[in-house]
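Survey of secondary and tertiary structure
Okay, here's what each chain looks like letter by letter:
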Amino acid sequence: MPVYGAMQIYLPIAEMSVDAFLLLGLGATVGFLSGVFGVGGGFLLTPLLLFIGVPSPIAVASQANQLVASSVSGVLAQWRRGNVDHQIGAVMIAGGVVGAVAGVWLFGVLRSLGQIDLVISLCYVLFLGVIGGMMLVESLRAILKRRRNPLQRAKLHQHMWIHGLPLKMRFRKSKLYISALVPAAIGLFIGLLAAIMGVGGGFLMIPAMIYLLGMPTQTVVGTSLFQIIFVTATVTVLQAVQNQTVDGVLAALLLAGGVVGAQFGARAGQRLRGEQLRALLAVLVLAVCAKLLIDLFAPPPDVFSFDYGAR
Amino acid sequence: MRSAGRLVALAGFAAGMLVPGLPQSVDPGWLGVGATAKRAWAVTPPPRKPAIPDAGPSSAAPVPEVKAEPGGNVPKGVGLPIGFSNNLIQVTSGFTGAGVVLFGALDAPADVIAVLRGPEVVVNVRRRAEVLGVWANVESISFDRAPAYYRIASTRPVEELLPADARKTLQVGVDTLRFNARDGRPEREALFREALVRLKQEEGLYPQGAQRVVVQNDRLFQVALDFPSNVPVGVYQVVVYAVRDGVVVAAASTALFIEKRGFGATLFRMAHEDSVAYGLIAVVLALAAGWAADRMFRRS
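Residues numbered from 1 in each chain as written. Chains lettered and ligands numbered in written order. Predicted model: local features only at pLDDT ≥ 70, side-chain atom pairs only at ≥ 80, totals over all residues.

1. Things to note about the overall build of chain A
To keep things clear, this is the line we draw: For the purposes of this entry, the term helix denotes a DSSP run of H or I that reaches at least four residues, the term strand denotes a run of E that reaches at least two, and both are numbered from the N terminus. Throughout, radius of gyration means the C-alpha value; the globule benchmark is 2.2 Å times the number of residues raised to the power 0.38. Working definition of burial: number of other C-beta atoms within 10 Å of the residue's own, with buried at 20 or more, exposed at 12 or fewer, and partly exposed in between, all C-beta atoms being placed from the backbone. C-beta atoms are placed from the backbone for every residue, and two residues are taken to be in contact when these atoms lie within 7 Å.
Per the secondary structure count, chain A includes 10 helices and five strands. Computed over C-alpha atoms, the radius of gyration of chain A comes to 20 Å, within 12% of the 19 Å expected from 2.2 N^0.38 for 311 residues, which places it in the range of a compact globule. Within the span of chain A, comprising 311 residues, buried residues form 50% of the whole. Taking as baseline every contact in chain A between residues at least 6 positions apart, the subset at least 24 positions apart corresponds to 81%.

What follows is the structure in structure tokens.
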């Protein structure tokens, strides 16, 4: 039954009708959050799409397509400020493309085995749980810290096993002399995540670049966005070719909402108090995680299901 | 066998059926939208009608008298003309389902069974079970030839019309469908088959209970078939059997096309048939959108 105020739009690849305003609203909300906190938001958007009934293979692949656009708009601003380390970026892209190819292949295998929904849900439960938990602890600590005496920050490791790896390269912009295997491995892992979860992986890549590579914080965001463009573009093409799961209409709606939301979010973020908001986001992330977890354990209405296609 | 020429001839026949002589008690439901157009035809015959070379039976009396010998070897389709009120259903973005009327004429009193089958597809049926508390797919069977849609219609319950072995041969009735399981596990197959039929019925794709075929004057028959909004697209085939004393005396078949139309259909087709171009275009559009978004940011 048509609901007044709703505008049903047909998603041609998902083969379902959804309310266009609901998708724009989801995109805008997640875009707003990503604007406020400077996170990608993909890790929230995909579960929300699953909750409104978008099949997970389509949610994940379309999300990758959407990320191409949001990363481009993000990287251009960083580029102008000279915050992109193309050299490290290129090494990470090389790893990322390999990861994307492997990830999309794995995605296809899991899909034909009927396990892709489960794997996507499990990955999200794991990642949302870890991220939400870490954010909550960190923000609570920050809130407490302001009340008590400022704590001494733990010193970063100066020498780790990572620095003993071969294939050392000099990265001038970031003033680093490290093994190329480390950024390549980080890129590879991000490529896998992009293919299977439809996320840019900034929430993992940025800490890894700071703590494992020792990159200066200034170049971290721009370089990670630079890499995400290439990885998500690769994932988009591969998903389209192998699984035919990229829904252009879905991606466009999410993007339109996301662009506007991010703009307001970035402005709001400058005026709002950080720690409380961060704690709130952490609670939101954990709530989404809990809902996914409950769905995994809930007995299905019918133990049988069917899908089409060659096995 | 199912040439375009014959379809046109059948369309002409349909028009001929509505020429005076048809009782006024025709169920108005099946005249529906087309009623005015068909009446107009009755007054002024369609201009292309004389151009049809083999329009013989169509332009003749509503009930062709040819090949009337009972139980004789009537060539398929000749003694049993059939047609759809509309043999092309277009599924657009606002599609809420559609109905068509299947009609035809008998050369002598008989019962009618119509079997409508959607395109055959590979279907994977999966069973979930609890694994460490989580519900996961643990077992699956693939069927090679499960029709995407299946429905029968008949003048009387098919069990009264045909013996079981004939029903099985002709695949009349959901329980007689041959799905062709890929992996040979007969002891599990029945369970999965049953589940597929149940799931299909829940989706309205294997409608339960035979639809009633209505026969008028022992000669003309028609049945209204309605499709739900989730009807699978593809080429459908209807086979109509004229049955007398438990024996099929005539059979005819024709096709029904269910197609996606519009922007969404174009995208869907491209995504499946030209997936490399689709993927590349999706990326290029996303790059352009990201650039445009950056321009908007900078100005404001």
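Now that the structure is up, let's keep going.
2. Considerations on the overall build of chain B
In terms of regular secondary structure, chain B is built from nine helices and 12 strands. A buried classification covers 35% of the 300 residues belonging to chain B. A separation of at least 24 residues holds for 72% of the contacts in chain B among residues at least 6 apart in sequence.

3. Comments concerning the domain arrangement of chain B
Here is the rule we go by: For the domain bounds, the source is a domain assignment made automatically or taken from a database.
Along its sequence, chain B is organised into domain 1 (70-260) and domain 2 (262-300). Domain 1 of chain B and domain 2 of chain B are separated by 40 Å when their C-alpha centres are compared.

4. So, the sheet that holds strand β11 (residues 234-244) of chain B
Residue and element names in this part refer to chain B. Which entries qualify depends on this criterion: DSSP-based pairing: two strands are paired if at least 2 bridges between them are found.
The mixed open sheet is built from six strands, whose spatial order is β2-β12-β11-β4-β7-β8. With one partner strand each, in any of the chains shown, β2 (88-91) and β8 (211-212) form the two edges of the open sheet. Examined bridge by bridge, strand β7 (residues 150-154) and β8 share two bridges and lie parallel to one another. Bridged to Ala-153 within β8 is Gln-211.

5. Regarding the nonpolar core
As a reminder, the rule being used: To define a nonpolar core, we join buried Ala, Val, Leu, Ile, Met, Phe, Trp, Tyr and Cys residues through C-beta atoms within 7 Å and take the resulting set.
Grouped together as the largest cluster of nonpolar side chains are 107 residues, with contacts concentrated most on Ala194(A), Ile229(A), Val231(A) and Val285(A). In this structure, Val231(A) is in contact with Ile93(A), Gly96(A), Val97(A), Ala100(A), Ile190(A), Gly191(A) and Ala194(A), ignoring residues within four places of it in sequence. With 58 residues, the next largest nonpolar core counts Ala146(B), Ala153(B), Leu161(B) and Leu196(B) among its residues.

6. As for the environment of Arg145(B)
Residue and element names in this part refer to chain B. By secondary structure assignment, the location of Arg-145 is in strand β6 (residues 134-147). Taking the number of C-beta atoms within 10 Å as the measure of exposure, Arg-145 has 13 and is therefore partly exposed. It is 19 Å that separates the C-alpha atoms of Arg-145 and Glu-187, two residues lying 42 residues apart in sequence. When sequence neighbours within four positions are dropped, the list of residues in contact with Arg-145 reads Glu-120, Arg-178, Phe-179 and Asn-180.

7. A look at the confidence of the model for chain B
Residues and elements named next belong to chain B. Defined as follows: The predictor attaches a confidence to each residue, and that confidence, scored 0 to 100, is pLDDT.
Taken over all residues, the pLDDT of chain B has a mean of 75, while the share at 70 or more is 73%. Confidence drops under a pLDDT of 50 for residues 1-77, and excluding neighbours within four residues, the segment shows 75 contacts in the predicted structure. Two numbers describe this predicted complex: its pTM, 0.75, and its ipTM, 0.84.

8. A closer look at the interface of chain A and chain B
Selection criterion: Under the grouping applied here, Gly and all other residues not named as nonpolar or charged are polar, the nonpolar ones being Ala, Val, Leu, Ile, Met, Phe, Trp, Tyr, Cys and Pro and the charged ones Asp, Glu, Lys and Arg.
Listed per partner, the contact involves 39 residues of chain A and 40 residues of chain B. Contributions of two or more residues to the side of chain A that touches chain B are made by α3 (56-80), α8 (217-242), α9 (248-271), α10 (274-297) and β5 (304-308) of chain A. When residues of the side of chain A that touches chain B are assigned to their parent elements, the largest contribution, nine residues, is made by α3(A). When its residues are assigned to classes, the side of chain A that touches chain B shows 25 nonpolar, 12 polar and two charged. The sheet contact formed by β5(A) and strand β5 (residues 120-131) of chain B spans five bridges and is antiparallel. Residue Phe304(A) lies in a different strand from β5(B), and its bridge partner there is Arg127(B).

9. Quick look at the environment of Leu144(A)
Residue and element names in this part refer to chain A. The residue Leu-144 is located in helix α5 (residues 116-147) in this model. The exposed category is assigned to Leu-144, around which 11 C-beta atoms lie within 10 Å. A sequence separation of 17 residues divides Leu-144 from Phe-127, and the C-alpha atoms of the two residues are 25 Å apart.

10. Here's the deal with the packing of helix α1 (residues 20-37) of chain A against α9(A)
All names here are of chain A. For the record, the criterion: Working convention: axes come from line fits to C-alpha atoms, limited for helices to the stretch in contact. Angles between N-to-C directions cover 0 to 180 degrees. In a left-handed crossing the near helix is turned counterclockwise from the far helix by less than a right angle, and in a right-handed crossing that turn is clockwise.
With their axes 6 Å apart at the nearest point, α1 and α9 run at an angle of 35 degrees to one another. Pair α1 / α9 crosses with right-handed handedness. Its residues assigned to classes, the contact of α1 with α9 shows 20 nonpolar, 12 polar and no charged.

11. A few points about the pairing of strand β3 (residues 168-171) of chain A
All names here are of chain A. Bridge count for β3 against strand β4 (residues 176-179) is four bridges, and the pairing is antiparallel. Directly across from Arg-170, in β4, lies its bridge partner Tyr-177. Where β3 folds back on β4, the antiparallel hairpin that results is connected by four residues, among which Lys-175 adopts a positive phi of roughly 55 degrees.

12. A short note on the sheet that holds strand β1 (residues 82-84) of chain B
Residues and elements named next belong to chain B. On the basis of which strands lie adjacent, the open sheet formed by four strands has the order β1-β3-β10-β9 and antiparallel pairing. Edge positions in the open sheet fall to β1 and β9 (214-216), since each of these has one partner strand only. Geometrically, the sheet is characterised by an average inter-axis angle of 20 degrees between neighbouring strands, direction not taken into account. Pairing of β9 with strand β10 (residues 220-227), which is carried by three bridges, proceeds in the antiparallel orientation. Counterpart to Val-214 in the pairing with β10 is Gln-222.

13. Examining the pairing of strand β3 (residues 98-105) of chain B
Regular strands place their side chains on alternate faces of the sheet. Residue and element names in this part refer to chain B. Across three bridges, the pairing between β1 and β3 is antiparallel. Paired with Phe-84 across the strands is Leu-102, a residue of β3. For β3 and β10, the ladder comprises eight bridges, and the chain directions are antiparallel. Across the sheet, residue Leu-102 finds its bridge partner in β10, namely Val-223.

14. Regarding the packing of helix α6 (residues 181-197) of chain A against α8(A)
Residues and elements named next belong to chain A. Using the following cut-off: Small angles under 35 degrees read as roughly parallel and large ones over 145 as roughly antiparallel, with 65 to 115 read as roughly perpendicular and the rest as oblique.
For the pair α6 and α8, the least separation of the axes is 9 Å and the interaxial angle reads 45 degrees. Judged by the inter-axis angle, α6 sits oblique to α8. In the crossing of α6 with α8, the sense of the turn from one axis to the other is right-handed. Where α6 approaches α8, its residues Gly-187, Ile-190, Gly-191, Ala-194 and Ala-195 are matched on the opposing element by Gln-227, Val-231, Thr-232 and Val-235. Grouping the amino acids of the contact of α6 with α8 by side-chain chemistry returns five nonpolar, four polar and no charged.

15. Some thoughts on helix α7 (residues 202-213) of chain A
Within α7(A), burial applies to Gly202(A), Phe203(A), Met205(A), Ala208(A), Met209(A) and Leu213(A). Positive phi appears at Gly214(A), one or two residues downstream of α7(A), with a value of about 75 degrees.

16. Considerations on unusual backbone geometry
Its identity is not glycine, yet Gln244(A) carries a phi of approximately 50 degrees, on the positive side. Tracing the backbone shows Gln244(A) in the loop between α8 and α9. At Leu132(B), a residue that is not glycine, the phi angle is positive and equals roughly 55 degrees. Residue placement: Leu132(B) occurs in the loop between β5 and β6. On the neighbour-count criterion, Leu132(B) (6 C-beta atoms within 10 Å) is exposed.

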